[in-house]
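Each chain is listed here by its residues.
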Amino acid sequence: MLAERLKLTAKEILEKEFKSGVRGYKQDDVDKFLDLIIKDYETMHQLVDELQQENMRLKKQVDEQSRRQPVPPAGTTNFDILKRLSNLERHVFGSKLDD
């Protein structure tokens, strides 16, 4: 997925050869900088892989939880539940609630 979007791999960066000109950059400086880029690139790939795995795990967990939890009937709200409980208490306890 990520590899399809990126233009370079760490190996391609490592193997890149630059032509030297009369007044070009110092090759050691370029090599050191490219080494830093390669390390960052590999770290980014590792982090992206970890995040993709965590994302899949969390999606699976959400799917499992949504299957376990019953969906309340349409139109049932906390107000409806409290109203039903109040009616039930009134029916069971009768006038004792008013005292």
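Look up a bit, the structure's there.
Residue numbers run consecutively from 1 along every chain, following the written order of its sequence. Where local features are concerned, this predicted model is filtered to residues with pLDDT of at least 70; where side-chain atom pairs are given and counted, the filter is 80 or more; whole-chain, interface and lining totals use all residues. Excluded from the side-chain calculation are hydrogens and water; included are all heavy atoms of the structure.

**Thoughts on the overall build of the chain**
Stated formally: A run of H or I in DSSP counts as a helix once it spans at least four residues, and a run of E counts as a strand once it spans at least two, with each numbered from the N terminus. Residue exposure (1.4 Å probe, protein chains only): buried if accessible area is under 20% of the type maximum, exposed if over 50%, otherwise partly exposed. Under the convention used here, a 1.4 Å probe and the Shrake-Rupley method define accessible areas, while residue burial counts only the protein chains that appear.
When you go through the chain residue by residue, the secondary structure sums to 4 helices and 0 strands. Mapped in sequence order, the helices and strands of the chain form the string α-α-α-α. For the chain, buried positions account for 6% of its 99 residues. Of the accessible surface of the chain, which amounts to about 10000 Å², a share of 55% is contributed by carbon and sulfur atoms.

**A short note on a negative patch on the surface**
Stated formally: In this analysis, a patch consists of residues with relative accessible area above 30% that form no salt bridge, clustered at 9 Å for like charges and at 5 Å for the nonpolar side chains Val, Leu, Ile, Met, Phe, Trp and Tyr. Within this document, salt bridges are pairs made up of a side-chain nitrogen of Lys or Arg and a carboxyl oxygen of Asp or Glu, the two lying within 4 Å of each other. We count Lys and Arg on the positive side and Asp and Glu on the negative side, and we leave His and both chain ends out. All charge positions are set by atom: Lys at NZ, Arg at CZ, Asp at CG, Glu at CD.
A cluster of like negative charges, contributed by E12, E15, E17, D28, D29, D31 and D35, occupies part of the molecular surface. Those elements that place two or more of their residues in the negative patch are α2 (10–15) and α3 (27–68). Here the element with the most residues in the negative patch is α3; it accounts for 4 residues. By secondary structure assignment, the location of E12 is in helix α2. You can call E12 partly exposed: its relative accessible area is 40%.

**Structural notes on the pattern of salt bridges**
Going through the model one piece at a time under the given rule, you end up with 1 salt bridge. Between R68 and E64 there is a salt bridge, with its nearest N and O atoms 3.8 Å apart. In this pair, R68 and E64 are both assigned in helix α3, 4 residues apart and thus about one turn of the helix distant. On the accessibility criterion, E64 (30% relative accessible area) is partly exposed.

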